[in-house]
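Below are the chains, spelled out letter by letter.
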Amino acid sequence: MAFLDKPLADDGVVGLSEATPSDYFALLKPRVMSLVVFTAFVGLVAAPGTINPFTALISILSIAIGAGASGALNMWYDADIDRLMQRTAMRPIPAGRIRPGEALAFGLVLSVLSVMTLGVFVDWLAASLLAFTIFFYAVIYTMWLKRWTPQNIVIGGAAGAIPPVIGWVSATGSVGMESVLLFLIIFLWTPPHFWALALFKAGEYGRVGIPMMPNVAGPASTRRQIFAYSVVVAVTGVLPTAFGYAGLGYGAVALALGAGFVWYAWQVLRMDDADPAMRPAKALFAYSLLYLFAIFAAYLADSVVARALAVGGA
Amino acid sequence: MDIETVKPTPQQLKARRTRSIAIAWALAAFVVIVYVASLARMGPALFERGF
């Protein structure tokens, strides 16, 4: 038997929580978290020097929990618009499975826990970067930029781009130029990725008043900006080889992946706005996910091979 | 003073049980992580301290 000091539901009906652990896991935005974990892992492994494997594991785990915490805080704040969008209506808070206050407490506790764990057991610079990332995503992006400017995901993209830098700092204790290039690849990749989504979800964003680029500048301008960013991200992807931080193998893969990115963006540029299916935009959105995973996988493979060759030649 | 009571539904009880188990696993994992991380960070010096 349980007792309550006040009714839980607005209609006065007393109800206990039916939230399951999977609902709380969903608050962490596991799909976003998987990309964060992978890019942070690449930054950590590609960094020079050695790190205790268990310390590396704690670093990745802390970054994952920190990213999840910022996702929970994002869902807490955005619950009002999430319930009006088809893509997000079944998230735990708008679906009524978790109350906003619970999500807020969950996000705050995990934020503190992840930052403190990373600081105490790995590196305080890495921990401060993780704290900044959580703050930037939850406060600067979610609470401010997202509902204010069509540049929301351009500036907010910095939050999603920092994890490889945190991984790098975890291993070396400092921010290397190589990790800045990894940051730039994700940072410049974010606008074409999200604007491709915004093109075929413009109606939903418009209904809830989020000023995404297609809703503010129009589809034609958005398509031109997508193409411009795609060219820049394709060039940036090759920079690690141009600067001598990665080998020709990585450079070739990055060049091919970048060419694919520009080709898909070209299809979006030529897309007819009257096309209700918007297949080119959906194709670019899907390809952009593949691109980011593949280019980081190539960088990881290149750095592992280079290290193995260096050990073999020593 | 009368305390207002409610009787949880089977679904609520099941959800509470799964949440409790998840919290137990998470706390146990955290304890193991802190313990092993302390060993990894401090190394053998951890065992050279006086008791």
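Please read these numbers as outputs of a predicted model, since none were measured by experiment.

Each value, and the rule that gives it
- Residues numbered from 1 in each chain as written.
- Chains lettered and ligands numbered in written order.
- Predicted model: local features only at pLDDT ≥ 70, side-chain atom pairs only at ≥ 80, totals over all residues.
- Heavy atoms only, no water.
- Phe/Tyr/Trp six-rings, centres within 6.5 Å; stacked < 30°, edge-to-face > 60°.
- Helix = DSSP H or I, 4+ residues; strand = E, 2+ residues; numbered from the N terminus.
- Buried < 20%, exposed > 50% of the residue type's maximum accessible area, 1.4 Å probe, protein only.
- Lys NZ or Arg CZ within 6 Å of the ring centre and 35° of its normal.
- Contact = heavy atoms within 4.5 Å.
- Domains from an automatic or database assignment.
- Buried area = accessible area lost by both parts, 1.4 Å probe.
- Salt bridge = Lys/Arg side-chain N within 4 Å of Asp/Glu carboxyl O.
- Polar contact = N/O pair within 3.5 Å; in protein donor to acceptor, adjacent residues only side chain to side chain.
- Nonpolar A, V, L, I, M, F, W, Y, C, P; charged D, E, K, R; others polar.
- Core = buried A, V, L, I, M, F, W, Y, C linked by side-chain atoms within 4.5 Å.
- Axes fitted to C-alpha atoms, helices over the stretch in contact; angles between N-to-C directions.
- Parallel < 35°, antiparallel > 145°, perpendicular 65-115°, else oblique.
- Left-handed = near helix turned anticlockwise from the far one by under 90°.

## Points about the packing of aromatic side chains
Residues and elements named next belong to chain A.
Line of reasoning, step 1. Applying the stated criterion across every chain, the model contains 16 aromatic pairs over all chains.
Line of reasoning, step 2. Summarising the aromatic geometry, the rings of Y24 and F106 are spaced 5.2 Å apart at their centres and angled 70° between planes, so their arrangement reads as edge-to-face. Here F106 lies in helix α5 (residues 100-121) and Y24 lies in helix α1 (residues 21-27), a separation of 82 residues in the sequence.
Line of reasoning, step 3. Relative accessible area serves as the criterion here: at 18%, Y24 is assigned to the buried category.
Line of reasoning, step 4. Accessibility expressed as a relative area gives 22% for F106, which makes it partly exposed.
Line of reasoning, step 5. On the basis of an interplanar angle of 25° and a centroid distance of 4.7 Å, the ring pair of F38 and F293 is categorised as stacked. Here the residue F38 occupies a position in helix α2 (residues 30-46), and F293 occupies one in helix α14 (residues 279-313), the gap between them amounting to 255 residues.
Line of reasoning, step 6. Every member of this aromatic cluster is reached through a ring pair, and the members are F261, W263, Y264, Y287 and Y291.
Line of reasoning, step 7. Taking NZ or CZ as reference, K282 lies 5.7 Å from the ring centre of F200, over its face.

## As for the side chain of A:S62
Residue and element names in this part refer to chain A.
Line of reasoning, step 1. Here S62 shows up in helix α3 (residues 53-77).
Line of reasoning, step 2. Looking at S62, the relative accessible area reads 4%, which means it is buried.
Line of reasoning, step 3. Sequence-distant contacts of S62, that is, excluding residues within four places in its chain, are made with S114, T117, L118 and L130.

## So, the domain arrangement of chain A
Residues and elements named next belong to chain A.
Line of reasoning, step 1. Here chain A is described as being made up of domain 1 (21-173) and domain 2 (176-314).
Line of reasoning, step 2. Here the C-alpha centroids of domain 1 and domain 2 sit 21 Å apart.
Line of reasoning, step 3. Taken together, the 34 residues of domain 1 in the interface contact 34 residues of domain 2.
Line of reasoning, step 4. Summed over both partners, the interface of domain 1 with domain 2 buries about 2,900 Å², with 76% contributed by carbon and sulfur atoms.
Line of reasoning, step 5. The interface formed by domain 1 and domain 2 includes 0 salt bridges.
Line of reasoning, step 6. At the boundary of domain 1 with domain 2, the tally comes to 4 residue pairs in polar contact (both at pLDDT 80 or more).
Line of reasoning, step 7. Contributions of two or more residues to the side of domain 1 that touches domain 2 are made by α2, α7 (152-161) and α8 (163-172).
Line of reasoning, step 8. Taken together, the residues of the side of domain 1 that touches domain 2 sort by class into 22 nonpolar, 9 polar and 3 charged.

## Describing the nonpolar core
All names here are of chain A.
Line of reasoning, step 1. Core analysis: the biggest nonpolar cluster contains 73 residues, and I166, Y250, Y291, I295 and F296 have the highest contact counts within it.
Line of reasoning, step 2. Of the domains in this structure, domain 1 (21-173) and domain 2 (176-314) are the two that each give at least three residues to this core.
Line of reasoning, step 3. With 9 residues, the next largest nonpolar core counts L27, M75, I98 and A103 among its residues.

## Some remarks on the packing of α3(A) against helix α1 (residues 10-42) of chain B
Line of reasoning, step 1. The interhelical angle for the contact between α3(A) and α1(B), taken along N-to-C directions, is 135°, at an axis separation of 9 Å. Judged by the inter-axis angle, α3(A) sits oblique to α1(B). Read as a crossing pair, α3(A) and α1(B) show a hand that is left-handed. Seen from α3(A), the contacting residues are A:F54, A:T55, A:I58 and A:L61; seen from α1(B), they are B:I33, B:V36, B:A37 and B:A40.
Line of reasoning, step 2. Broken down by class, the residue content of the contact of α3(A) with α1(B) amounts to 7 nonpolar, 1 polar and no charged.

## Here we look at unusual backbone geometry
Residues and elements named next belong to chain A.
Line of reasoning, step 1. Despite not being glycine, K29 has its phi angle at roughly 50°, a positive value.
Line of reasoning, step 2. For K29, the location among the structural elements is in the loop between α1 and α2.
Line of reasoning, step 3. Backbone geometry places M278, a non-glycine residue, at a positive phi of 50°.
Line of reasoning, step 4. Considering the arrangement of structural elements, one finds M278 in the loop between α13 (248-269) and α14.
Line of reasoning, step 5. A relative accessible area of 12% places M278 in the buried class.

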